[in-house]
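# A look at the structure
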Amino acid sequence: MSKRQWPFLLGGLLVALLLAGVVSNYASSHPDGLDSSLLKGCTVNADDEITGGSCPAQEAKDHELADSPLADYGVRGIGNDFVSTGLSGVLGVLLTFAFGAGLFWLARRRGPATPATPATSAGPAAPATPAPTTASADPADDAATPSTGSR
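Residues numbered from 1 in each chain as written. Predicted model: local features only at pLDDT ≥ 70, side-chain atom pairs only at ≥ 80, totals over all residues. Heavy atoms only, no water.

## Notes on the overall build of the chain
Note the cut-off: Secondary structure follows DSSP: runs of H or I at least 4 residues long count as helices, runs of E at least 2 residues long count as strands, and numbering of each begins at the N terminus. Buried residues are those whose accessible area, probed at 1.4 Å on protein chains only, stays under 20% of the maximum for their type, while exposed residues exceed 50% and partly exposed ones sit between those limits.
Helices and strands together make up the secondary structure of the chain, namely four helices and two strands. Reading the chain from its N end, one meets helices and strands in the order α-α-β-β-α-α. Here the chain holds 151 residues, and 9% of them are scored as buried.

Okay, structure coming up:
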């Protein structure tokens, strides 16, 4: 990578870290389209808990990774929601960057392969002979060239 690309790469990483660490805390807390469509037919309270009715969201179960350290857009064990959300975003950006950098490192172009050296013969080298000339594949080229042969 050239030296001119490093500031661009580091600037992009800094912007991503800033967005994930700070701006992500100001994202909407209202459910997205999928969540709201799954709640149709149910009544919910102020905490978005289902209190009655019948809807597909009642069949929802916890994901297998619901107990993971970065579940629910936060870091488990940190009581401050602002810090927890920001830290989980920063960790997500860093993990994604490391994974992507590893893939690029594996797929990077290597230097050109060294050409195989031709085997040398024990005898003297044969003199080079000029290649015979042939007629052009394009008939227009042949028509433009005068013929030296007799009829």
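Here the narrative resumes.
## Observations concerning the side chain of Ser-88
Under the convention used in this document: As used in this structure description, the phrase polar contact means that two N or O atoms lie within 3.5 Å; if the pair is within protein, one of them must be able to donate a hydrogen and the other to accept it, and residues adjacent in sequence are counted only when both atoms belong to side chains. Whether two residues are in contact is decided by their heavy atoms: any pair within 4.5 Å suffices.
Relative to the assigned elements, Ser-88 resides in helix α3 (residues 81-107). Under the relative-accessibility criterion, Ser-88 is labelled buried at 13%. Reaching out from Ser-88, the side chain makes a polar contact with the backbone oxygen of Tyr-73 at a distance of 3.4 Å. Residues in contact with Ser-88, not counting those within four places in the same chain, are Leu-70, Tyr-73, Gly-74 and Val-75.

## Concerning the environment of Phe-82
Structurally, the position occupied by Phe-82 is in helix α3. On the basis of relative accessibility, which here comes to 39%, the residue Phe-82 falls in the partly exposed class. For Phe-82, the residues in contact, after removing those within four places along its chain, are Asn-25 and Tyr-26.

## A few points about the packing of helix α1 (residues 5-21) against α3
Definition in use: Fitted lines through C-alpha atoms serve as axes, helices being fitted only where they are in contact, and the angles separating the N-to-C directions of these axes extend from 0 to 180 degrees. Orientation categories follow fixed angle ranges, with anything under 35 degrees roughly parallel, anything over 145 roughly antiparallel, 65 to 115 roughly perpendicular, and all other angles oblique. Left-handed describes a crossing whose near helix is turned anticlockwise from the far helix by less than a right angle; the clockwise case is right-handed. Under the scheme applied, nonpolar residues are Ala, Val, Leu, Ile, Met, Phe, Trp, Tyr, Cys and Pro; charged residues are Asp, Glu, Lys and Arg; polar residues are all the others, including Gly.
Running from amino to carboxyl end, α1 crosses α3 at an angle of 150 degrees, the nearest separation of the two axes being 7 Å. The orientation of α1 relative to α3 falls into the category roughly antiparallel. Considering the relative orientation of α1 and α3, their crossing is right-handed. In contact with Leu-9, Leu-13, Ala-16, Leu-17, Ala-20 and Gly-21 of α1, α3 contributes Thr-85, Gly-86, Gly-89, Val-90, Val-93, Leu-94 and Phe-97. In terms of residue class, the contact of α1 with α3 is built from nine nonpolar, four polar and no charged.

## Some remarks on unusual backbone geometry
Phi angles above zero are rare outside glycine, and Asp-72 is one such case at about 60 degrees. Following the sequence through the fold, Asp-72 ends up in the loop between β2 (50-53) and α3. Asp-72 sits in the exposed class, given a relative accessible area of 72%. The backbone of Tyr-73 sits at a positive phi, close to 55 degrees, despite the residue not being glycine. The residue Tyr-73 is located in the loop between β2 and α3 in this model.

## Things to note about the state of the cysteines
Applied cut-off: Any two cysteine sulfur atoms within 2.5 Å of one another count as a disulfide.
Taken as a whole and judged by the stated rule, the model has one disulfide. One disulfide in the model links Cys-42 with Cys-55; its S-S distance is 2.0 Å. With the S-S dihedral at roughly -95 degrees, the linkage between Cys-42 and Cys-55 falls on the left-handed side. Pair noted here: Cys-42 is in strand β1 (residues 42-44) and Cys-55 is in the loop between β2 and α3, with a separation of 13 residues, a long-range link. Looking at Cys-55, the relative accessible area reads 7%, which means it is buried.

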